[in-house]
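The primary structure of each chain is shown beneath.
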2 protein chains.
Amino acid sequence: MEMGQRAPVGRPRGFDADMALERAMRVFWEQGYEGASLTDLTHAMGITRTSMYAAFGNKEELFHKALERYTEGPASYGARALREPTARQVATAYLHGSVLATTRPGAPAGCFGVQGSLAAGGTGGHARDTLTTWRNAHTALLRDRLRRAVDEGDLPPDADPDLLARYLTTVANGIAVQAAGGLAREELRKVADMALLNWPPATGA
Amino acid sequence: MEMGQRAPVGRPRGFDADMALERAMRVFWEQGYEGASLTDLTHAMGITRTSMYAAFGNKEELFHKALERYTEGPASYGARALREPTARQVATAYLHGSVLATTRPGAPAGCFGVQGSLAAGGTGGHARDTLTTWRNAHTALLRDRLRRAVDEGDLPPDADPDLLARYLTTVANGIAVQAAGGLAREELRKVADMALLNWPPATGA
DNA sequence: CTCCTTCTGTACCGATCGGTGCTGAAGATG
DNA sequence: CATCTTCAGCACCGATCGGTACAGAAGGAG
């Protein structure tokens, strides 16, 4: 048992799984879980149904993996915003990041986590719940970061981190809906800036 | 041709079309256009497929009629808000109305116009475009009202009615997404109030 | 080469999709 | 009563849904 490296036996797969997942992510992003058929997905991925099932399990697992890829790719602005030094910079980076991510040329308009499945019937319920959980997780991360900001004197002691986090994600979700409807990046940028006008001032530690 | 009243000949229909449309509206509201199957719809409406097609045309027409009913019913807060005397009151009524409408007990959570179809594949494209148009129409109504507010000195001369209207609908859409995820009414109310903090002061005519 | 494992493509599965033809039943009119 | 018109219900349409059985192709190991 001295082999640390994986030694793939058998016929190697004839496609780039990473690229295939990227393509699948875009289809889900544009059409939602239920709106994306296996035919749509496999055509975009450039592989057959059989290869997709062998590599990713089934449609629901493919959706989960596409969501993970979305989180680490187009939605990585969220994690980056959390690392900003002050609460105001966190808020600004978060909303500006959401504008950029939902209006990126060459990518689907809007947010995977919003339009991927807001409503569903039948088999789509799991996907809808998954994305609700995903959105709430983002809110929780933001809330924790803002709690720290209160401790650091970066927000007034009477500031409500829960409310502020919920406010930011609500605006970000609204931005995603507007972007999905085709609103231009510059317009959304102005909306985001307006939403930041009422941000509580720092107390100065 | 002196008969002004309609004289329905033949067998009268055996169900209440108004109530059936109300039920259909709720199914579309909860499950979206593509997520709502004809089986779901007709079961909720308490009628057969044939009766549905005779009374409403097809699925797409039923969706349009359900949207009209939604506009005049649960979404009528929008038209009411436009009739408020001042811009601030318009904005407050609009956001508070959206909170109430998207969190009404006994009704689906969220907004028909948002989750009805943000993303779609195949035949759902028309529904998605219809709702995008619907949301933009609401924004335009709000913008026109706020333009009047500038003329009336109810908003500063340098206020941007386009931006303010887009801001309000963006927040309202975000509220709808949060509500669809199950956020409580009181929480959303606080978010709405926070979004109203930066509303421009009246100049005093 | 032969064996073994894995991947690929075809062809197909039962279920469900939106939509309809047809047969009677039901009420209005005479 | 008979007649006319509309509605209701069943069975069914072709198309598509997500998912899979099977056979052959393609590589590594001996």
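Here the structure is a predicted model, which means the values were calculated and not measured.

What counts and what doesn't
Residues numbered from 1 in each chain as written. Chains lettered and ligands numbered in written order. Predicted model: local features only at pLDDT ≥ 70, side-chain atom pairs only at ≥ 80, totals over all residues. Heavy atoms only, no water. Helix = DSSP H or I, 4+ residues; strand = E, 2+ residues; numbered from the N terminus. Contact = heavy atoms within 4.5 Å. Core = buried A, V, L, I, M, F, W, Y, C linked by side-chain atoms within 4.5 Å. Buried < 20%, exposed > 50% of the residue type's maximum accessible area, 1.4 Å probe, protein only. Near = heavy atom within 4 Å. Polar contact = N/O pair within 3.5 Å; in protein donor to acceptor, adjacent residues only side chain to side chain. Nonpolar A, V, L, I, M, F, W, Y, C, P; charged D, E, K, R; others polar. Least-squares fit on C-alpha atoms with pLDDT ≥ 70 in both. Disulfide = S-S within 2.5 Å. Domains from an automatic or database assignment. Buried area = accessible area lost by both parts, 1.4 Å probe. Salt bridge = Lys/Arg side-chain N within 4 Å of Asp/Glu carboxyl O. Phe/Tyr/Trp six-rings, centres within 6.5 Å; stacked < 30°, edge-to-face > 60°.

K.L.:
I'd like a description of the environment of Gln31(A), backed by residues and values.
P.N.:
Turning to its location among the elements, Gln31(A) is positioned in helix H1 (residues 17–35). Counting along the chain gives 106 residues from Gln31(A) to Ala137(A), while the straight-line C-alpha distance between them is 23 Å. Those residues in contact with Gln31(A), other than ones at most four positions away along the chain, are Ala36(A), Asp40(A), Ala119(B), Ala120(B) and Gly121(B).

K.L.:
An account of the nonpolar core is needed here, citing residue identities and associated values.
P.N.:
In terms of nonpolar packing, the biggest core is built from 128 residues, with Phe112(A) and Phe112(B) touching the most fellow members. With residues near it in sequence (within four places) discarded, Phe112(B) still touches Met25(B), Phe28(B), Trp29(B), Phe63(B), Ala66(B), Leu67(B), Tyr70(B) and Leu131(B).

K.L.:
So what about the protein's contact with DNA strand C? Which residues, and what values?
P.N.:
Near DNA strand C you find 22 residues, and of these Gly14(A), Leu38(B), Arg49(B), Tyr53(B) and Lys59(B) are the closest. Contact distances for DNA strand C include 2.9 Å between a base oxygen and a side-chain N or O atom of Thr50(A). Ala36(B) has a polar backbone atom sitting 3.4 Å from a phosphate oxygen of DNA strand C. Where the surface near DNA strand C is concerned, the elements lending two or more residues are helix H3 (49–56) of chain A together with helix H2 (38–45) and helix H3 (49–56) of chain B. Tallied by class, residues from the surface near DNA strand C come to seven nonpolar, ten polar and five charged.

K.L.:
I'd like to hear about the relation of the copies chain B and chain A, residue by residue, with values.
P.N.:
Structural alignment of chain B on chain A gives an RMSD of 0.0 Å, achieved by rotating through 180° and translating 0.0 Å along the axis. Both chain copies can therefore be described as sitting about a two-fold axis. By C-alpha distance to the rotation axis, the residue of chain B lying nearest is Gly174(B), at 1.8 Å.

K.L.:
Now, about the state of the cysteines: what can you tell me, with residues and values included?
P.N.:
Here a disulfide denotes a covalent bond joining the sulfur atom of one cysteine to the sulfur atom of another. For the structure shown, the criterion picks out zero disulfides over all chains. Lacking any disulfide linkage, Cys111(A) is separated from the closest cysteine sulfur, that of Cys111(B), by 18 Å.

K.L.:
So what's going on with the protein's contact with DNA strand D? Which residues, and what values?
P.N.:
Taken together, 22 residues surround DNA strand D, and among them Leu38(A), Arg49(A), Tyr53(A), Lys59(A) and Gly14(B) come closest. In DNA strand D, atoms within 4 Å of the protein come 58% from sugar and phosphate. At a separation of 3.0 Å, a phosphate oxygen of DNA strand D approaches a polar side-chain atom of Ser51(B). Elements with a minimum of two residues in the surface near DNA strand D: helix H2 (38–45) and H3 of chain A together with H3 of chain B. In terms of residue count, H3(A) provides more of the surface near DNA strand D than any other element does, three residues in total. A class-by-class count of the residues in the surface near DNA strand D yields seven nonpolar, ten polar and five charged.

K.L.:
With reference to specific residues and values, describe the domain arrangement of chain A.
P.N.:
It is common to give the size of an interface as the accessible area that goes away when the parts come together. Residue and element names in this part refer to chain A. The domains assigned to chain A are domain 1 (17–70) and domain 2 (75–195). Each of domain 1 and domain 2 has a C-alpha centre, and the two are 24 Å apart. Facing the 14 residues of domain 1 at the interface are 23 residues of domain 2. On the domain 1 side of the contact with domain 2, Trp-29, Leu-67 and Tyr-70 bury the most area, a combined 46% of that side's loss. The tally of links from domain 1 across to domain 2 stands at zero salt bridges. At the junction of domain 1 and domain 2, the tally comes to ten residue pairs in polar contact (both at pLDDT 80 or more).

K.L.:
Residue-level account of the interface of chain B and chain A, with values.
P.N.:
Each partner contributes to the interface: chain B provides 36 residues, whereas chain A provides 36 residues. Taking both sides of the interface into account, the surface hidden between chain B and chain A amounts to around 3,000 Å²; carbon and sulfur atoms contribute 68%. Linking chain B to chain A there are seven residue pairs in polar contact (both at pLDDT 80 or more). For the side of chain B that touches chain A, the elements supplying multiple residues, two or more each, are helix H1 (17–35), helix H7 (112–115), helix H8 (125–151), helix H9 (161–180) and helix H10 (185–195) of chain B. Here the side of chain B that touches chain A gets 13 residues from one element, more than from any other, and that element is H9(B). Per-class residue counts for the side of chain B that touches chain A are 17 nonpolar, 13 polar and six charged.

K.L.:
Could you give an account of the packing of aromatic side chains, with specific residues and numbers?
P.N.:
According to the stated counting rule, one finds 16 aromatic pairs over all chains in the structure shown. Measuring from centroid to centroid gives 5.9 Å for Tyr77(A) and Tyr94(A), while their planes differ by 50°, and the two rings are tilted. Of this pair, Tyr77(A) sits in helix H5 (residues 77–82) while Tyr94(A) is found in helix H6 (residues 87–102), placing the two residues 17 residues apart along the sequence. Comparing Tyr77(A) with Tyr94(A), the two get one shared label, buried. For the pair Phe63(B) and Phe112(B), a centre-to-centre distance of 5.4 Å together with 40° between the ring planes defines the contact as tilted. Of the two residues, Phe63(B) sits in helix H4 (residues 59–72) while Phe112(B) sits in helix H7, which places them 49 residues apart along the sequence. Phe112(B) gets classed as buried once you look at its relative accessible area, which sits at 0%. The rings of Phe28(A), Trp29(A), Tyr33(A), Phe63(A), Tyr70(A), Phe112(A) and Trp134(A) are connected pair by pair, giving a single aromatic cluster.

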